[in-house]
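# Summary of the model geometry
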Amino acid sequence: MAVLLCAAVVAGCSNDLDGAEVPGGGAPAKRAYGDTLIEALLADVSGLIPNILSDSPSYEVGGLIYNGLVGFDRDLNLVGELAESWSFSTDCLDLTFTLRPNATWHDGRPFTADDVLFTYETMVHPKTPTSNRESFKVIERVDVVGPRTVHIRYSKPYAKALQSWGLSVLPRHVLEPYVRDGKLREAPQNWKDPVGTGPYRFAERRAGEKIVLVANRAYFAGPPYISRVVYRIIPSQPTIFLELKAKGVDAGRLNALQYARQTNYPAFEKAYRKYRHAGGGYTYLGFNLKDPRFADRRVRQAIAHAIDKRELIDGVLFGLGRDATGPYKPGTWAHNPNVKTYPHDLARARALLSEAGWKEKNAEGLLVKDGKPFTFELMTNQGNEERRKVAEIVQASLRDLGIGVEIRIIEWASFIKEYVKKRRFEAIVLGWGIGPDPDQYEIWHSSKTGPDDLNHISYANPEVDDRLEKGRSACVPAERVKHYHRLQEILAEDQPVVFLYFGDALPVVSSRVHGIVPGPNGIRYNFPEWYVPAALHRYTSG
Amino acid sequence: MHAFWRSLARNRLAIAGGVVVVCLVAAALLAPALAPWDPHRPSIKQALAAPSAAHPLGTDQLGRDVLSRMLYGARVSLAVGFVSVGIATIVGLILGSLAGYHGGTVDAVVMRFVDLMLVFPSFFLLLAVLAFLRPSIWTIMAVIGLTSWMRVARLVRAEFLTLKEREFVIWSHAIGASTLRIIWRHILPNAIAPVLVAMTLGIPAAILTESGLSFLGLGVQPPHASWGNILNEGKDAIEIAWWLSFYPGLAILVTVLSYNLLGEGIRDALDPRLRQRGR
Amino acid sequence: MLLYALRRLLLAVPLLIGITFISFLVIHLAPGDPTEFQQADPSTESSAQARQLLRELYELDKPLHVQYWNWLTRIVRLDFGRSFAPDARPVIDKIGEALQITLILNLIELLIIVSFAVPIGVLSATRQYSLFDKVTTVFVFVGFATPDFWLALLLMMLFGVQLGWLPISQLHSANWEYLSFWKRYLDLASHLVLPVVVATFGGLAGLSRYMRQSMLEVVRQDYIQVARAKGLAENVVVHKHALRNALLPIVTILALSLPGLIGGSVIVEQIFAIPGMGRLMVQAVFARDYPVIMGNLVIVATLTLAANLIADIVYGLVDPRIRLAGRRRT
């Protein structure tokens, strides 16, 4: 899941990545088993087999039930989970995993190399409705060399090969019949009693209300400390906040307003620890580059100059965001900090526009070219207050420049289907969620401008295409850096979209929970190591 | 007709209600003159400021003056409230009286149509509308009006079913009065009372529906204000900015209450029995 | 009357088919696509492929009339199909779970609303323009105009956070499974208090205003005036003659609101985190989960037709002057 189209819910897009700030830090206390952690989820999971799902609650819950062969550590390095070690051939075409000897499924069966093969078969099965197939179609074959050894042969060098094995490994002995019939969605394990290898096992579920997990005492990396995790599904951010105040939940996410303005009093700061790290996505102002006005780079650059990003971040996120200069998150290895920036400068913006032929103004103060005033429609999806505010601020900023903007907010499904896919828009405010890998072929490559593709803005630049192709097939990481740094320079110069900001993820956890070490990967990556010192246990449970 | 106005003029509560309604409408019409600030211009540094001399009703999340937005919003909300309820009432009256008066096949056809409208998932109807029409205040009023007439139709029909069998109607038939005259002079005035209640309840519903429509892209679009969308935008900030949801709520309440008083007065004035006794 | 009822029942079948057919068409033709929402994914080939797969799975590649026919033949066997959502659960399970919760909530609410709104309406009608009338008028309209979410959050803050008397959200405590039998009911009851209060406060206005109106109407009828003139005690007049007649339209209104019992309030359910019909339907609509939408539609349509029939029959039985069969007077 390299790139995710971000839907309505802001929290739904964050991936917990990158640099963090730790407000206060607990003194080390003795690790203890026990207690229950109650966590708020904004939406119910859409299923319990993450391989065929794409919503973030499912990934969060699934992440505790299943393991990948590899996973990301605090600093976003790939480390072994079910795989003990791995090796690449020098041409990057052969990948061999050595698996852990002591991993077992939740039903007691041992985990073997055959399950890895099964997971591969599931992902490439023509009737598996997964959006994650791409990474497995470049595989030529998967061989079970021994019970603990899997050999994977790629048909061409694939930079994301190792990372793609971070997906949940599924049990053959449970799911095979459903995969064979193309009915994985209908498998009972997608609703209840999933079988994984992860640190927590499924205990119970009440539709739309809660999911309960209990510690897997046979977990191969040692049992997790917290014995129960209760996910309470509360689809209203203000309610989650009140539940936090009343101690009805121990962990959740805050929105920017709550983080900045509503949680800065001693009682809250004593009971909870707030975290802040760059979120997993950025918000942008995108242009339909088929529109002759926006096809002119100077117009796009002028608009970039007209938008005061500081004001935007303050107004929309109460300052809890980071300026975006390109599609990569500041502080990650692919990010290039030395690209062209567009400081708020109306004089410069006006100069650029007049170069592009927008010189005169009409009676309403709008710029005119060839007798036509410069006005356009700015669309975004309903249900995202943040984007609505961005649109309103952009509208006011461009009005100063003599560009009239009309805002239109449309329900998500019809917005995508009727306007974005059919390219019936002039400009949009949207967001991209980005994963840990910098491959963004699908978004910027000129071959990806079809109706079902993600290059909605119809961007085409031969050098960008070239860099994207090389970046995804490069075998050596250092080489990839070079390509992606250059990519960002071109994008910054071109401004096919105005990159606005990366919003921060703002998780909050009860201060009785210890062992949280925030890092570029957020806080959840070491969940099994979280613990509550015995004296602070709130709930008794087995 | 004369008696109607005299009776209405004697009802002090109704007069008070009417005066408030007129004041609200006037405030809406004079919004450009009355509003102290630009209702659309964000001013981030002023965001969520509490009510003060400069901003009597505080500011919203983008630092815009709530009073100014309320005044401009009144144009949308009052228009939507009154016009869409008006549409719903007219459609409901016509169809309801047709069904109730004629009975039989006409009644069956009309009432089954009502059933269809009630059951129909209006969300999809609105989506379909959206595919053809650009959102404007007119489409909003039409959409709300044309999807909310069913209750009125049913109430009117029920009244007609009873009334048309009453002695005075039967007598009118006997002396050869025309159908239209019977409906207009004899049945309608007696059937109007529950309709007035439905209208009173319909106004706040329509005002709130407008903001609900914006999620489809059919409501008034930002940055334009309506009472409903000011209210909605205040939802997240309710703990630290009560004024964002309090004032629009209050405005809707005042509108409903004063309209209700006026409605009661009209009903009493229409009732010939009450008129004779002269309250 | 029996004949009339029978005819209406027979007519209900084609009517239901007609309603579902029209709805089916509009739902499928409206913008949006059920395969779209779930496949928010980067890789073109595979996502296009997955979408095609889902299209076949959902039979969306077939002509609309074929889709409708398939749906109809299943529904007559009471097979509601499976949800399009990734959990692919049977529609009947999904609706069943949500309906149970919504019905409990709505029945309690209705009970409370009726037991408050009817007395309020009657008293404010018999004492028209009295202080009681004025106070209750303002009170019910305050309830009606107060935004649900506002009142809900206010009550949650007061009783949930400040005083800590009541739970804030959902219908069960986290430790519900460990409670004794009776404690479970107590737990459920305490969770129901706030949502019920919010919904009833908002719902009082409708019924009480109609009740007041209906009562006013009756009180002014000649026979009541006559009864008064005869010197009957006001109490007797009100209770024996007026109330019974005034309740008639109210019963109709109640009967007609029967289908409303299975519809949930989206805002209340969202704020209180209650997985009822409102939330289920909003999710289904946004995700274009056609089987769930159609399943709900069938239930609502059936209930609506039944409620109408009942209301008409009750009306006819109580007021024999009404001739529903519609034989024209000559």
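Residues numbered from 1 in each chain as written. Chains lettered and ligands numbered in written order. Predicted model: local features only at pLDDT ≥ 70, side-chain atom pairs only at ≥ 80, totals over all residues. Heavy atoms only, no water.

## Section: the overall build of chain A
Of the regular secondary structure elements, chain A holds 17 helices and 24 strands. For chain A, whose C-alpha radius of gyration is 24 Å, the value lies close to the compact-globule estimate of 24 Å for 542 residues. Taking the principal axes of the C-alpha coordinates as reference, chain A spans close to 75 × 60 × 40 Å. Residues classed as buried in chain A amount to 63% of the 542 residues present. Here the analysis covers contacts within chain A between residues at least 6 apart in sequence; of these, 70% occur between residues at least 24 apart. Only carbon and sulfur atoms are counted for the fraction: they give 51% of the accessible area of chain A, which is about 18,700 Å². Positive and negative side-chain charges in chain A, numbering 69 and 65 respectively, have mean positions lying 3 Å apart. (Helix = DSSP H or I, 4+ residues; strand = E, 2+ residues; numbered from the N terminus. Rg over C-alpha atoms; globule rule 2.2 N^0.38 Å. Buried < 20%, exposed > 50% of the residue type's maximum accessible area, 1.4 Å probe, protein only. Contact = heavy atoms within 4.5 Å. Areas by Shrake-Rupley, 256 points an atom, 1.4 Å probe, with all protein chains shown as cover. Lys, Arg positive; Asp, Glu negative; His and termini not counted. Charge placed at Lys NZ, Arg CZ, Asp CG, Glu CD.)

## Points about the packing of aromatic side chains
Counting across every chain of the model gives 42 aromatic pairs over all chains. Here the aromatic residues Tyr282, Tyr284, Trp432, Trp444, Tyr459, Phe499 and Phe502 of chain A are joined through ring pairs into a cluster of three or more. If you follow Lys274 of chain A out to its NZ or CZ, it ends over the ring of Tyr259 of chain A, 4.3 Å from the centre. When the ring centre of Phe149 of chain C is taken as origin, the NZ or CZ atom of Lys235 of chain B, which lies over that ring, is 5.0 Å away. (Phe/Tyr/Trp six-rings, centres within 6.5 Å; stacked < 30°, edge-to-face > 60°. Lys NZ or Arg CZ within 6 Å of the ring centre and 35° of its normal.)

## Notes on the interface of chain C and chain A
At the interface, 51 residues of chain C touch 52 residues of chain A. In total, chain C and chain A occlude about 4,600 Å² of area from one another, counting both sides; carbon and sulfur atoms represent 53% of this. Linking chain C with chain A are five salt bridges. Note that Lys417 of chain A is salt-bridged to Asp33 of chain C, the shortest N-O span being 3.4 Å. One can count 19 residue pairs in polar contact (both at pLDDT 80 or more) joining chain C with chain A. Of all elements in the fold, only α2 (34–38), α3 (44–57), α7 (148–162), α11 (266–271) and α12 (277–286) of chain C reach the threshold of two or more residues within the side of chain C that touches chain A. Residue composition of the side of chain C that touches chain A, by class: 26 nonpolar, 13 polar and twelve charged. (Buried area = accessible area lost by both parts, 1.4 Å probe. Salt bridge = Lys/Arg side-chain N within 4 Å of Asp/Glu carboxyl O. Polar contact = N/O pair within 3.5 Å; in protein donor to acceptor, adjacent residues only side chain to side chain. Nonpolar A, V, L, I, M, F, W, Y, C, P; charged D, E, K, R; others polar.)

## Topic: the interface of chain C and chain B
Taken together, the contacts link 58 residues of chain C with 59 residues of chain B. Together chain C and chain B conceal approximately 5,300 Å² of surface at their shared face, both sides included; 66% is due to carbon and sulfur atoms. Area buried by chain C at its contact with chain B is led by Tyr129, Tyr210 and Arg220 of chain C, which between them contribute 13% of it. Along the contact surface separating chain C from chain B lie two salt bridges. Here chain C and chain B share seven residue pairs in polar contact (both at pLDDT 80 or more) between them. Counting residues per element, the ones that place at least two in the side of chain C that touches chain B are α1 (2–29), α6 (131–145), α7, α8 (181–219), α9 (222–229), α10 (234–256), α12 and α13 (290–318) of chain C. When grouped by side-chain class, the residues that make up the side of chain C that touches chain B number 34 nonpolar, ten polar and 14 charged.

## Digging into the nonpolar core
Membership of the largest hydrophobic core comes to 213 residues, with the highest contact counts inside it found for Leu285, Ile303 and Trp444 of chain A. Per element, the largest residue contribution to this core is 16 residues, and it comes from helix α10 (residues 179–213) of chain B. When residues of this core are assigned to domains, at least three fall in each of domain 1 (16–76) and domain 2 (91–329) of chain C. Contact partners of Ile303 of chain A, with chain neighbours within four places excluded, come to Leu285, Phe287, Phe294, Leu398, Ile403 and Val498 of chain A. (Core = buried A, V, L, I, M, F, W, Y, C linked by side-chain atoms within 4.5 Å. Domains from an automatic or database assignment.)

## Quick look at the state of the cysteines
Residue and element names in this part refer to chain A. Evaluation of the coordinates by the stated rule reveals one disulfide over all chains. Linked covalently through their sulfurs, Cys92 and Cys475 form a disulfide whose S-S length is 1.2 Å. Linking Cys92 and Cys475, the disulfide has an S-S dihedral of approximately 65° and is accordingly described as right-handed. Highlighted residues: Cys92 in the loop between β6 (83–88) and β7 (94–99) and Cys475 in the loop between α16 (462–473) and α17 (477–494), separated in sequence by 383 residues. (Disulfide = S-S within 2.5 Å.)

## Side note on helix α12 (residues 243–270) of chain B
In an α-helix, one full turn covers 3.6 residues, which means residues spaced three or four apart are oriented alike. Under the 1.5 Å per step criterion, the end-to-end length of α12 of chain B is 40 Å for 28 residues, consistent within 8% with the ideal 40 Å. Counting buried positions over the 28 residues of α12 of chain B gives 20, a clear majority of the element. (Expected span 1.5 Å × (residues − 1).)

## A look at the pattern of salt bridges
Inspection of the entire model under this criterion finds 61 salt bridges over all chains. Salt bridges sharing partners connect three or more residues here, namely Glu385, Arg388 and Glu392 of chain A together with Asp60, Arg64, Arg69 and Glu233 of chain B.

## Structural notes on the pairing of strand β21 (residues 404–410) of chain A
Residue and element names in this part refer to chain A. When you tally the buried positions in β21, you get six out of seven residues, the bulk of the element. Alignment of strand β20 (residues 375–381) against β21, held across seven bridges, turns out to be parallel. Residue Asn381 lies in a different strand from β21, and its bridge partner there is Ile410. Between β20 and its parallel partner β21, the chain crosses via helix α13 (residues 385–401), and the hand of that crossover is right-handed. (Pairing = 2+ DSSP bridges. Right-handed = clockwise from strand over helix to strand, strands pointing away.)

## A short note on a nonpolar patch on the surface
All names here are of chain B. A surface patch of nonpolar side chains, amounting to about 370 Å² of accessible area, comprises Val20, Trp242, Phe246, Leu250 and Val254. Residue contributions to the nonpolar patch peak at three residues, all from α12. Assignment of secondary structure puts Trp242 in the loop between α11 (227–233) and α12. Overall, the relative accessible area of 40% leaves Trp242 in the partly exposed class. (Patch = residues over 30% accessible without salt bridge, like charges linked within 9 Å, V, L, I, M, F, W, Y side chains within 5 Å.)

## Looking at the sheet that holds strand β8 (residues 139–146) of chain A
Residue and element names in this part refer to chain A. Strand order in the open sheet formed by four strands is β6-β7-β9-β8, with antiparallel pairing between adjacent strands. On the outer flanks of this sheet lie β6 and β8, each paired with one strand and no other. Adjacent strand axes in the sheet meet at a mean angle of 15° when their direction is disregarded. Note: β7 against strand β9 (residues 149–154), five bridges, orientation antiparallel. Counterpart to Asp94 in the pairing with β9 is Arg153. Strands β7, β8 and β9 of the sheet are contacted by helix α2 (residues 113–124), whose axis makes an angle of about 165° with β8. (Axes fitted to C-alpha atoms, helices over the stretch in contact; angles between N-to-C directions.)

## Re the packing of helix α2 (residues 12–29) of chain B against helix α4 (residues 66–102) of chain B
Residue and element names in this part refer to chain B. At their nearest, the axes of α2 and α4 sit 7 Å apart, and the two run at 125° to each other. The angle between the axes of α2 and α4 places the two elements in the oblique class. Crossing of α2 over α4 shows left-handed handedness. Along the contact surface, α2 presents Val21, Leu24, Val25, Ala27, Ala28 and Leu29, while α4 presents Leu71, Ala74, Arg75, Leu78 and Phe82. (Parallel < 35°, antiparallel > 145°, perpendicular 65-115°, else oblique. Left-handed = near helix turned anticlockwise from the far one by under 90°.)

## Examining the packing of α4 of chain B against helix α7 (residues 137–146) of chain B
Packed helix pairs are specified by the crossing angle of their axes together with the interaxial distance, meaning the distance between the axes. All names here are of chain B. One can describe the packing of α4 onto α7 by two numbers: an axis separation of 8 Å at closest approach and a directional angle of 40°. Here α4 lies oblique to α7, going by the angle between them. The chirality of how α4 crosses α7 is right-handed. Residues Arg75, Val76, Ala79, Val80, Val83, Ser84, Ile87, Ala88 and Val91 of α4 pack against Ile137, Ile140, Met141, Ala142, Ile144, Gly145 and Leu146 of α7. Per-class residue counts for the contact of α4 with α7 are 13 nonpolar, two polar and one charged.

## Details of α6 of chain C
Compared with an ideal rise of 1.5 Å per residue, which puts 15 residues at 21 Å, α6 of chain C spans 21 Å between its outermost C-alpha atoms and is within 8% of the ideal. What α6 of chain C keeps buried is the set Asp133, Thr136, Thr137, Val140, Phe141, Gly143 and Ala145 of chain C. Close packing links the buried residues of α6 of chain C with α10 and α12 of chain B together with α5 (91–126) and α8 of chain C.

## Brief notes about the sheet that holds strand β19 (residues 372–373) of chain A
Residue and element names in this part refer to chain A. As summarised here, the arrangement of the three strands in space is β17-β18-β19, forming an open sheet in which the pairing is antiparallel. This sheet does not close on itself; its edge strands, each paired only once, are β17 (360–361) and β19. Across two bridges, β17 lies against strand β18 (residues 367–369) in antiparallel orientation. By the bridge assignment for β18, Glu360 is matched with Val368.

## Some remarks on the environment of Val66 of chain B
All names here are of chain B. When you line up the elements, Val66 lands in helix α4. For Val66, a relative accessible area of 1% gives the class buried. Setting aside chain neighbours within four positions, we find Val66 in contact with Leu57, Gly58, Thr59, Asp60, Trp243 and Leu244.

## Observations concerning the environment of Asp35 of chain A
All names here are of chain A. In this fold, Asp35 is placed in the loop between β2 (20–21) and β3 (36–41). Residue classification places Asp35 among the buried positions, given a relative accessible area of 1%. Between the C-alpha atom of Asp35 and that of Arg228, which follows or precedes it by 193 residues, the distance is 6.7 Å.

## Let's talk about the confidence of the model for chain B
All names here are of chain B. The pLDDT averaged across chain B works out to 85; a share of 96% of its residues lies at or above 70. Within the model, pLDDT remains below 50 along residues 275–279, and this stretch shows twelve contacts once partners closer than five positions in the same chain are excluded. Of the two predicted TM-score estimates for the complex, the pTM is 0.89 and the ipTM is 0.87. (pLDDT = per-residue confidence, 0-100.)

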